[in-house]
Amino acid sequence: MASLPQAPPDAGRTIPVPRPAPPAIQRVRRRRRPSGEPPPLPRHLNASGKWWLSLSGMVVVAWAVVLATGSVTVFDVADTRVLQAFAEFRTPWLTRVADVAGVLGTAPAIYVIWLTNLVTLAALRRWRHLFVWVGVGTIVVSIAAGMASLLRRPRPYEVEILGSWAGFSMPSLPMTVLSAFLVSMAYSLVPSGRYRTKAKWAIAGLLLLTALSRLYLAQDHPTDILAGVILGVAVTLAAFRLLTPNDVYPVRYSRGRPAHLDVTGARGEAIVRALHDQLGLIAGEVKPFNLAGSGGSTPLRITVKGDPDTYVFGKLYAATHVRSDRWYKLGRTLLYGRLEDEQPYHSVRRLVQYEDYVLRLLSDAGLPVAHPLGVVEITPEREYLLVNEFFDGAEEIGDAEIDDNVIDQGLSVVRRMWEIGLAHRDIKPANLMVRGGTLFLIDTAFAEVRPSPWRQAVDLANMMLVLGLRTSAERVYQRARRQFSDEEIAEAFAATRGLTMPSQLRRMLRQQGRDLHGDFLQLLPYRLPPIKIQRWTWRRVVLTVATLFGGILAGAFIVSTLLGSPL
């Protein structure tokens, strides 16, 4: 291949990047939230959840009294009177009906419900709901079986038992497990709203039908059934409402990413109120914006009062985003090894604080980034909103017209970040906006201060690949040699492959059907050997073994608990 001319003497020179003027936004006096006042969006169980927990507390108190006194005479007398009343209505045909009506309380039916829910949630990849459901089932079965062994209440006497039974009666283990599994299905498979309300009524009907069947057949005392249903419903309800709140983990069957939170209703009102109190912004409409380009937060376009009214950009982060990022990086470590500089965030507050800090560093350095406006607390330690300038009228670089000026601006952004000791670490089309021939850099959540040299090199290669999507490798390479040496460009493409490219960039490269990365390599006067970008240590081996062992142990415990329970 014919040798290309060497980089000009001014390679490394930074081309000035225009900086946008701050938006004209009207502000009002800010208000400090007094001690004791709830946050804009407090966590809550709702009235029904508190009611069920209160009932479960009463059941626990009753059990404690029975264990302390050793007497259940009052309960036995009342339960026997009820069962005797049911026995008076027994007829052969009604007994056959009761046998059929109580089929959900049998062991085979409960196992079918358990396995169906397990397979369905796994197929839908609704992992959070699956883990909560498995945990709830294990806890409920363990508590019910443990209390039955402690209380050691016999089956009903003075009434003939027509149905099958096993073990002690208080609480009714079949009713406990059935109520827990049915409520779990409602909260993990049925969307909230009128569909879930209908599902709850259907569950109430099924539980009532099963309970009447077991009372008619004298398989359980009335108080056994009551205690079992209260325990199963209360624990399940509390777990799903606290660990999988619908506004954070919605059950839906339309396409959408779990990271995108619903900003209507109570959360939307909380955002408006928090912007007014904490930043002095008078917000109007709060709408999701460009969801397709965001997988780690909920991007928002917020209308605020100004002269004239304008927009601000918000990134809504929740604790679920931090946990998802942590699990994602753990999974990638198990499959591929850990990237050299990859560290998970440990709280959503730290994530938002860091992104706001890096955004201010980039702004102070004169880079074309959005002007930061502040951080808003929605729910302490769980939800925060990062607010900055909105580039109205800008479009993604993948949809914009790219000329040499825009190419130079993109390359200058990388050069300037090298000079101030920063790496963006997520350069992709969705994070590069163009308006009126000016390029803007957004989304600094994964930026790093004083990064490793290979990470800086990756930024350069990813920027050149993004710019080449709308132009050509030859054109971008010629412009890059005005600011970078051949050695720096060769290092960039030696460090860039596979995992170091954002998923959106990899997807767009595949859609175009051309090997843009290979085209750049063909233009290089020489190539460097691939730079090692992953750590293949004993940590990966230990994590893999621990994960497999933990999964097998948990699965074996759940199965053995269910199979060993006297359902």
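Presented here is an overview of the structure given in this document. Bear in mind that the values here come from a model prediction, so they are computed numbers and not experimental data.

Considerations on the overall build of the protein
- A tally of helices and strands in the protein yields 18 helices and 12 strands.
- Residue pairs in contact within the protein that sit at least 24 positions apart in sequence constitute 77% of those at least 6 positions apart.
- Carbon and sulfur atoms make up 61% of the accessible area of the protein, which totals about 27,000 Å².

Topic: the sheet that holds strand E5 (residues 372–379)
- The sheet built from 5 strands is open, its strands ordered E1-E2-E3-E6-E5 with antiparallel pairing. Each edge of the open sheet is held by one strand with a lone partner, namely strand E1 (283–288) and E5. When strand polarity is set aside, the average angle formed by the axes of neighbouring strands in this sheet is 25°.
- Contacts from helix H9 (residues 265–279) reach E1, strand E2 (298–304), strand E3 (310–318), E5 and strand E6 (383–389) within the one sheet, and its direction differs from that of E5 by about 130°.
- Contacting E3, E5 and E6, helix H11 (residues 348–364) crosses the sheet at an angle of about 175° to E5.

Digging into unusual backbone geometry
- Despite not being glycine, Glu381 shows a phi value in the positive range, around 65°.
- Summarising the element assignment, Glu381 is placed in the loop between E5 and E6.
- Residue Arg450 is not a glycine yet carries a positive backbone phi of 50°.
- Looking at the secondary structure, you find Arg450 in the loop between strand E11 (448–449) and helix H13 (453–470).

A few points about the pairing of E3
- With 7 of 9 residues buried, E3 lies mostly within the body of the structure.
- Bridge count between E2 and E3: 7 bridges; the pairing is antiparallel. Bridge pairing in E3 links Thr303 to Tyr311.
- Taking the residues that link successive antiparallel strands as the turn, the E2-E3 hairpin has 5 residues.

Quick notes on the side chain of Ser188
- Here Ser188 is to be found in helix H6 (residues 173–189).
- Here the side chain of Ser188 touches Ser184 through a polar contact of 2.6 Å, landing on its backbone oxygen.
- Ignoring anything within four residues of it in the chain, the contact list for Ser188 reads Asn117, Leu121, Arg126, His129, Phe240 and Val251.

Notes on the packing of helix H12 (residues 404–420) against H13
- At a minimum axis separation of 10 Å, H12 and H13 run at an interaxial angle of 170°. By the angle between their axes, H12 is roughly antiparallel relative to H13. Contacts between H12 and H13 pair Val406, Ile407, Gly410, Leu411, Val414, Met417 and Trp418 from the former with Gln456, Ala457, Asp459, Leu460, Met463, Met464 and Leu467 from the latter.

Regarding H6
- Here H6 contains 17 residues, and its C-alpha end-to-end distance of 24 Å stays within 8% of the 24 Å for a straight helix at 1.5 Å per residue.
- The element H6 is largely enclosed, with a buried count of 16 among its 17 residues.

Focus: the sheet that holds strand E9 (residues 432–435)
- Pairing is antiparallel in the open sheet, where 3 strands are placed in the order E7-E9-E10. What marks the edges here is a single partner per strand, and that holds for strand E7 (395–396) and strand E10 (438–441).
- Examined bridge by bridge, E9 and E10 share 4 bridges and lie antiparallel to one another. Following the sheet pairing, Met433 is matched in E10 by Phe440.

Quick look at the nonpolar core
- Grouped together as the largest cluster of nonpolar side chains are 52 residues, with contacts concentrated most on Ile397, Leu460, Met464, Ile489, Phe493 and Phe520.
- Looking at this core, the element that brings in the most residues is H13, giving 11 residues.
- Excluding anything up to four places from it in sequence, Phe520 contacts Met464, Leu465, Ala473, Val476, Tyr477 and Phe493.
- By size, the runner-up hydrophobic cluster in this structure holds 37 residues, among which are Ala180, Ala211, Ala218 and Leu231.

A word on the pattern of salt bridges
- Scanning all chains against the criterion turns up 14 salt bridges.
- Between Lys315 and Glu355 there is a salt bridge, and its shortest N-O distance comes to 2.9 Å. Residue Lys315 is found in strand E3, and its partner Glu355 is found in helix H11; the two are separated by 40 residues along the sequence.
- One network of salt bridges, in which partners are shared, links Asp404, Asp408, Arg475 and Arg479.

Side note on the packing of helix H4 (residues 107–123) against H6
- Between H4 and H6, the least distance of the axes is 10 Å, while the angle of their chain directions is 25°. Between H4 and H6, the angle is such that the two are roughly parallel. Between H4 and H6 the crossing geometry is left-handed. Between H4, through Ile110, Ile113, Trp114, Asn117, Thr120 and Leu121, and H6, the contact on the second element is made entirely by Pro174, Val177, Leu178, Phe181, Leu182, Ser184, Met185, Ser188 and Leu189.
- A per-class count over the contact of H4 with H6 returns 11 nonpolar, 4 polar and no charged.

Definitions and limits used
- Residues numbered from 1 in each chain as written.
- Predicted model: local features only at pLDDT ≥ 70, side-chain atom pairs only at ≥ 80, totals over all residues.
- Heavy atoms only, no water.
- Helix = DSSP H or I, 4+ residues; strand = E, 2+ residues; numbered from the N terminus.
- Contact = heavy atoms within 4.5 Å.
- Areas by Shrake-Rupley, 256 points an atom, 1.4 Å probe, with all protein chains shown as cover.
- Pairing = 2+ DSSP bridges.
- Axes fitted to C-alpha atoms, helices over the stretch in contact; angles between N-to-C directions.
- Buried < 20%, exposed > 50% of the residue type's maximum accessible area, 1.4 Å probe, protein only.
- Polar contact = N/O pair within 3.5 Å; in protein donor to acceptor, adjacent residues only side chain to side chain.
- Parallel < 35°, antiparallel > 145°, perpendicular 65-115°, else oblique.
- Expected span 1.5 Å × (residues − 1).
- Core = buried A, V, L, I, M, F, W, Y, C linked by side-chain atoms within 4.5 Å.
- Salt bridge = Lys/Arg side-chain N within 4 Å of Asp/Glu carboxyl O.
- Left-handed = near helix turned anticlockwise from the far one by under 90°.
- Nonpolar A, V, L, I, M, F, W, Y, C, P; charged D, E, K, R; others polar.

Purely geometric stuff here, so don't read any function into it on its own.
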